[in-house]
Amino acid sequence: MLKRLIRLALGLVIVAIADANVAAQSISLKNAVVNIAPSVPSPMRQTVYKVLSEEIAQRSGITLKASGSSAAKSAQAIMIALSSDPALNSEILARLDKAGPEFKKEGFRVVSMPGNTIWIVGADARGVLFGAGWLLRNLHMEKGIVQLNAPVDHASSPAYPIRGHQLGYRTTANSYDAWDVKQYEKYIRELAIFGSNAVEGIPFHEDDSPSPHFKIPAAEMNVRLSEICQAYDMDYWVWIPATFDLTNKEKRKAELDMHEAFYKKCPRLDHIFFPGGDPGDNHPSEVMPFLKELQSRLVKYHPNAKVWISLQGFSEEQVDYFYQYLRHENPDWLEGVVSGPSSPPVAETRFRLPAKYKHRQYPDITHSIRCEFPVEKWDQAYALTLGRESVNPRPFAFAKIHETYAPFTDGFVSYSDGCHDDVNKVIWSMRGWDPQMNVNTILEEYTQFFFNPKVAQPAAAGIAALEQNWYGPLQQNGGVEASFSFWKNLETTNSSLQNNWRWQMLLLRAYYDTYTRRRLIYEQSLEQQANEILQTANTSNTAAAMQQALALVNKADSEPASVDLRKRIETLCENLYQSIGLQTSVPKYKAKGYERGAVLDFVDYPLNNRWWLADEFEKLKKEPAEKQVARLLLIGKWENPGSGNYYDDISSVSKGPRVKTISDDATDIAWWDNGKSRRRLSFQTFQRCPVIEYTNLDPNTRYMIRVCGSGDALIRVDGQRLSPILYSKESETFKEWIVPLNANADGKMTITFDEPEESDLNWRNQSKIFDIWLLRGGL
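Within each chain, residues carry numbers counting from 1 in the order of the written sequence. Per-residue local features of the predicted model are confined to residues with pLDDT of at least 70, and side-chain atom pairs are confined, for both listing and counting, to 80 or more; whole-chain, interface and lining totals are unaffected and use all residues. Neither water nor hydrogens contribute to the side-chain values; these are computed over all heavy atoms in the structure.

**Student:** What is the right way to look at the overall build of the protein chain in this model?
**Tutor:** Helix and strand assignments come from DSSP, with helices taken as H or I runs of at least 4 residues and strands as E runs of at least 2, each series counted from the N terminus. Broken down by element type, the protein chain carries 23 helices and 26 strands. Across its three principal directions, the C-alpha atoms of the protein chain cover 95 × 85 × 50 Å. Looking at the protein chain residue by residue over its 779 residues, the buried ones come to 57%. Relative to all contacts within the protein chain whose residues are 6 or more apart in sequence, the contacts with residues 24 or more apart total 75%. Here, Shrake-Rupley sampling with a 1.4 Å probe gives the accessible areas, and only protein chains in the shown set may cover a residue. Split by element, the accessible area of the protein chain, about 32,200 Å² in all, is 51% carbon and sulfur. A distance of 4 Å separates the average location of the 88 positive side-chain charges in the protein chain from that of its 94 negative side-chain charges. The buried label applies to any residue whose accessible area, calculated with a 1.4 Å probe on protein chains only, is under 20% of its type's maximum; exposed applies above 50%, and partly exposed to all values in between. Pairs of residues are marked as contacts when any of their non-hydrogen atoms sit within 4.5 Å. In this tally, Lys and Arg are treated as positive and Asp and Glu as negative; His is ignored, and so are the chain termini. A charged residue contributes its charge at one atom only: NZ of Lys, CZ of Arg, CG of Asp or CD of Glu.

Have a look at this one:
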């Protein structure tokens, strides 16, 4: 114990010495005067001072004075000017580089000078704002302290010209609809501090009913967003689908008039984005003339505003028509094409698009499943509880995704439906500015700015740990518990952050992930015990076996796991509703729908098959004893068919080890009955044409294949089509095939499935494969 205390004391001394050295090399700005040169145009002259003074005051309690005020006398100064300013003194001019970032669009240089002076020199108004943002991200700010490590000479300009995020004030959002104008301005400012230069609104709604959370009418808010963008010199985009038939002349005119009235009210509007066929069913032969007329009305009030279109939801014929239109008409009124979910491939779009047109990405950073970029190897337990729209920091995944697609584009404006994807927004913004920026560095700047310098490094590591919580089979992921302990310690030692909504979101994930894992382990264990009881069924004890098995699995409700974590999750959800309007429940917080981030409504969704078993047992009670026994034995051995036999749950990362295929958009994880399906868990994962590979088979054994699913299953073994001995197309029924002996003569076997021709069917009604067995002892 004594040695441990000595080591601890020495560590504290070393830290104190290090802190003293840092302080000695730092510039103090606690008494700095902000001097903004006349060359910085309005409204940025007012905005940049407001940003610096308010953000520093929020974190340090110190309000910087502006040059010219009666109290503005200090040896410390933050000097702000344009690089083209002819009044710049020789001292700062000597530090500038005519070929450097500070002379490139949106670029800046931040330089420390003798006498506790910091210069922010921007190429333009945006450069000034982004330079101020860099300074704020790198300042050490605590109560009574505003310091910058010196010396400083940092210059930078963005790699991609378009870096924005959709912030639609609409009913379907899980939080934006609860914001007032001040919250919107604050959030847009924070995005700008991290390099964003664009915001996209959604002024015209598919659902005209107002959100119960609206603080002001949507029409007014969308104009206020334009005003905010004007103040911060950010591009204002609007997303404008047409969900009616454009051949209807009366509706078409009304739509054009509605647009024109909105355009006239906006003080700033830079781009309008028409999302092809998502939503909407109009052919591009109708869309392009409509957009041409729309552009003519747009430029009446915003002469430099641009028109964009995506090819989302277009058929091959419609896509080809669009490119033919470009070749024949060569329209100057069209600025470019947007690539988003359900668009043709990004690289193909850039290849086919004439060089005169720009290409913007519309990445879905807001969803985790059944989406453009689903979480890889996501456990079904998360999919059933956290669902599609939960708090989802995925810094390393999205950095890689940006790296893959960005080179084919001029930038991005992301698809977002709430503040739950806040970390992802920052990753995209910063990598859009500098694609080589280290992800850990981004996270540390994020945590330093939004939390505090002391917690910056551990909190950044904690965010990375939350991303790892989601990778692979949950039961085997012991890192979830380690991550929880880490965050629990951060929570205990940083009580001053308890009202910070970003902190609350990360804590919610740490608690929710851990609660889900503990429940999964517990509830699956209960089901294994229940299955052992079912395997003892005979004609004299079926009723008792069903009763005992059901009592066991229902302990998940009567004797639940980790009640303390469950209570904390509920408290954090309440805190988030109060702090940022995050709607984690339909009945409690009036979320638009159960798939819209309502994680509190699914926190106790069964992670074993107790609902399905209860329904199965009710049906079995009506059957003769022999049939009851056969079914109970089948259920009892469903996932454990015995030695030498193999079972795979299709699309389950934990129970499908031999399945080699995945769905690129994760639509193989079902969402039925508003997420409250009572079906067997394995029936809620499926594929149409899975590939399953077996090794170490007994070459002298005859095998049989059994499949549970719905519709057709056109099976092949090592490329050879098999004929079934049992073939039911009804949902949740079986098909069986005898495997030829030569198929496993080498101890290996590959099973594939041909795709049935079902193009006339909705995907929900198409053939599906849920479970597959390879069983010894075929005929």
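**Student:** When you look at helix H2 (residues 44–60) in this model, what are you seeing that I'm missing?
**Tutor:** Owing to its 3.6 residues per turn, the α-helix aligns residues three or four sequence positions apart on the same side. What a helix should span is 1.5 Å times the count of its residues minus one. For H2, which comprises 17 residues, the first-to-last C-alpha distance of 24 Å matches the rise-based estimate of 24 Å (1.5 Å per residue) to within 8%. Among the residues of H2, those classed as buried are Met44, Thr47, Val48, Val51, Leu52, Ser53, Glu55, Ile56, Arg59 and Ser60. Within two residues after H2, Gly61 carries a phi angle of roughly 80°, on the positive side.

**Student:** Could you clarify how one ought to interpret helix H7 (residues 249–265) in this entry?
**Tutor:** Helix length check: H7, at 17 residues, gives a terminal C-alpha distance of 25 Å against a target of 24 Å (1.5 Å per residue), a fit within 8%. Within H7, the full set of buried residues consists of Arg252, Glu255, Leu256, His259, Glu260, Phe262 and Tyr263. Taken down its axis, H7 places every buried residue within 165° of arc, on the same side. The exposed set on the far side of H7, more than 90 degrees from its buried face, consists of Glu250, Lys264 and Lys265. Contact partners of the buried residues in H7: helix H6 (218–231), strand S12 (235–239), strand S13 (271–274) and helix H8 (284–301). N-cap assignment for H7: the residue whose side-chain oxygen lies 3.2 Å from the backbone N of Glu250 is Asn248. Working note: the arc is built from the helix axis to C-beta atom directions. Here a polar contact is recorded for every N or O atom pair within 3.5 Å, except that within protein the pair must consist of a potential hydrogen donor and a potential acceptor, and residues adjacent in sequence are included only if both atoms are side-chain atoms.

**Student:** I keep staring at the sheet that holds strand S26 (residues 768–776) and nothing clicks. Help me out?
**Tutor:** Two strands in a sheet stick together by hydrogen bonds in their backbones, pointing the same way (parallel) or opposite ways (antiparallel). In this description, strands pair whenever DSSP reports at least two bridges between them. In spatial order, the strands read S18-S26-S20-S24-S23; together these five strands make up an open sheet with antiparallel pairing. Strands with a single pairing partner mark the edges of an open sheet, and in this sheet they are strand S18 (646–649) and strand S23 (724–727). Pairs of neighbouring strands in the sheet enclose a mean axial angle of 15°, with direction left out of account. In this sheet, strand S24 (residues 733–738) lies alongside S23 in antiparallel orientation, the contact comprising three bridges. The residue bridging Tyr727 from the neighbouring strand is Lys735, located in S24. Orientation is described by axes fitted as lines to C-alpha atoms, over the contacting stretch for helices, and by angles from 0 to 180 degrees between their N-to-C directions.

**Student:** Just to check I follow, could you spell out the sheet that holds strand S19 (residues 692–694) for this structure?
**Tutor:** Read from one edge to the other, the open sheet built from four strands follows the order S19-S25-S21-S22, with strand pairing classed as antiparallel. Two strands bound the open sheet, and with one partner strand each, they are S19 and strand S22 (720–721). As paired elements, S19 and strand S25 (residues 749–754) share three bridges and run antiparallel to each other. Note that in S25 the partner of Tyr694 across the bridge is Met749.

**Student:** Is there a simple way to think about the nonpolar core in this case?
**Tutor:** In summary, soluble globular proteins display a tendency toward joint burial of nonpolar side chains. In terms of nonpolar packing, the biggest core is built from 160 residues, with Ile78, Ile80, Tyr184 and Trp487 touching the most fellow members. With eleven residues, helix H17 (residues 501–534) is the largest single contributor of residues to this core. Apart from the residues lying within four places of it in its own chain, the contact partners of Trp487 are Ala459, Gly462, Ile463, Leu466, Trp503, Leu506, Leu507 and Ala510. What we call a nonpolar core is a set of buried Ala, Val, Leu, Ile, Met, Phe, Trp, Tyr and Cys residues that are connected through their side-chain atoms within 4.5 Å. Judged by nonpolar contacts, the second largest core, of 28 residues, contains Ala530, Ile533, Leu613 and Cys708.

**Student:** Just to check I follow, could you spell out the pattern of salt bridges for this structure?
**Tutor:** Here the idea is simple: oppositely charged side chains can pair when their charged atoms come close. By definition here, a salt bridge exists when the distance from a side-chain nitrogen of Lys or Arg to a carboxyl oxygen of Asp or Glu is within 4 Å. In this structure the tally under the stated criterion is 63 salt bridges. Arg189 is the partner of Glu54 in a salt bridge, and the nearest nitrogen-oxygen pair spans 2.7 Å. In this pair, Glu54 is assigned in helix H2 and Arg189 in helix H5 (residues 181–193), connecting sequence segments 135 residues apart. Linked by salt bridges that have partners in common, Lys50, Glu54, Glu55, Arg59, Glu185, Lys186, Arg189, Glu190, Asp422 and Arg502 make up one network.

**Student:** Is there a simple way to think about the state of the cysteines in this case?
**Tutor:** A covalent bond between the sulfur atoms of two cysteines is referred to as a disulfide. Disulfide: a pair of cysteine sulfur atoms within 2.5 Å of each other. Here the structure, examined in full by the defined rule, presents zero disulfides. The thiol sulfur of Cys573 is not disulfide-bonded, and the nearest other cysteine sulfur, from Cys419, lies at 12 Å. On the basis of relative accessible area, Cys573 is assigned to the buried category, the value being 0%.

**Student:** Help me understand the pairing of strand S5 (residues 108–113), please; the structure alone is not making it clear to me.
**Tutor:** Consecutive residues of a regular strand have side chains that alternate between opposite faces of the sheet. Burial of S5 is extensive: six of the six residues sit out of reach of the surface. The alternating pattern of S5 places Phe108, Val110 and Ser112 and Arg109, Val111 and Met113 on opposite faces, both of which are buried. The pairing of S5 with strand S6 (residues 117–122) spans six bridges and is classified as antiparallel. Directly across from Val110, in S6, lies its bridge partner Ile120. What sits between S5 and S6 in their antiparallel hairpin is a turn of three residues, with Gly115 showing a positive phi close to 90°.

**Student:** Would you take a moment to explain the environment of Ser342 for this structure?
**Tutor:** Within the fold, Ser342 resides in the loop between strand S15 (334–339) and helix H10 (346–352). Not counting residues within four places of it along the chain, the set of residues in contact with Ser342 comprises Asp278, Leu311, Gln312 and Gly313.

**Student:** For this particular structure, what's the right way to read unusual backbone geometry?
**Tutor:** Only a minority of non-glycine residues have a phi that is not negative, and only a minority of peptide bonds are not trans. Here the amide bond leading from Ser42 into Pro43 is cis, since omega sits at 5°, within 30 degrees of zero. Here Pro43 shows up in the loop between strand S2 (33–36) and H2. Each neighbour pair has its own omega, and for Ala150 with Pro151 the value is 0°, a cis peptide bond. Here Pro151 is to be found in the loop between strand S8 (145–149) and strand S9 (153–156). For Ser342, which is not a glycine, the phi torsion comes out positive at approximately 70°.

**Student:** Looking at this model, I keep getting lost on the packing of aromatic side chains. Mind explaining?
**Tutor:** Each pair of aromatic rings taken from Phe, Tyr and Trp, with Trp reduced to its six-membered ring, is defined by centres within 6.5 Å and is described as stacked if the planes are under 30 degrees apart, edge-to-face if over 60, and tilted in the remaining cases. All chains considered together, the criterion is met by 47 aromatic pairs. For the pair Phe322 and Tyr323, a centre-to-centre distance of 5.3 Å together with 70° between the ring planes defines the contact as edge-to-face. Judged by its relative accessible area of 0%, Phe322 falls in the buried class. Since its relative accessible area comes to 2%, Tyr323 is described here as buried. Considering the side-chain rings of Tyr446 and Phe451, the 6.4 Å spacing of their centres and the 85° angle between planes classify their relative orientation as edge-to-face.

**Student:** What is the right way to read the packing of H8 against helix H9 (residues 316–329) from this model?
**Tutor:** Packed helices, taken two at a time, are described by the angle their axes make and the gap between the axes. Packing of H8 against H9 leaves a shortest axis separation of 9 Å and a crossing angle of 40°. Taken together, H8 and H9 sit at an angle that is classed as oblique. Judged by residue contacts, Pro284, Ser285 and Met288 of H8 engage Gln318, Tyr321, Phe322 and Tyr325 from H9. Put simply, Ala, Val, Leu, Ile, Met, Phe, Trp, Tyr, Cys and Pro go in the nonpolar bin, Asp, Glu, Lys and Arg in the charged bin, and everything else, Gly too, in the polar bin. Grouping the amino acids of the contact of H8 with H9 by side-chain chemistry returns five nonpolar, two polar and no charged. Small angles under 35 degrees read as roughly parallel and large ones over 145 as roughly antiparallel, with 65 to 115 read as roughly perpendicular and the rest as oblique.

**Student:** Please clarify how the environment of Phe103 should be interpreted in this entry.
**Tutor:** Relative to the helices and strands, Phe103 is located in the loop between helix H3 (90–93) and S5. In this structure, the C-alpha to C-alpha distance between Phe103 and Val659, residues 556 residues apart in sequence, is 54 Å. Excluding its chain neighbours within four sequence positions, the residues that come into contact with Phe103 are Ser83, Leu96, Asp97, Lys98 and Ala123.

**Student:** For this particular structure, what's the right way to read the side chain of Arg268?
**Tutor:** Among the secondary structure elements, Arg268 is positioned in the loop between H7 and S13. In this structure Arg268 comes out as buried when scored by relative accessible area, which is 15%. Within the structure, the side chain of Arg268 is placed 3.3 Å from the backbone oxygen of Met234, a separation counted as a polar contact. Those residues in contact with Arg268, other than ones at most four positions away along the chain, are Arg126, Ser226, Cys229, Gln230, Asp233, Met234, Asp235, Tyr236 and His302.

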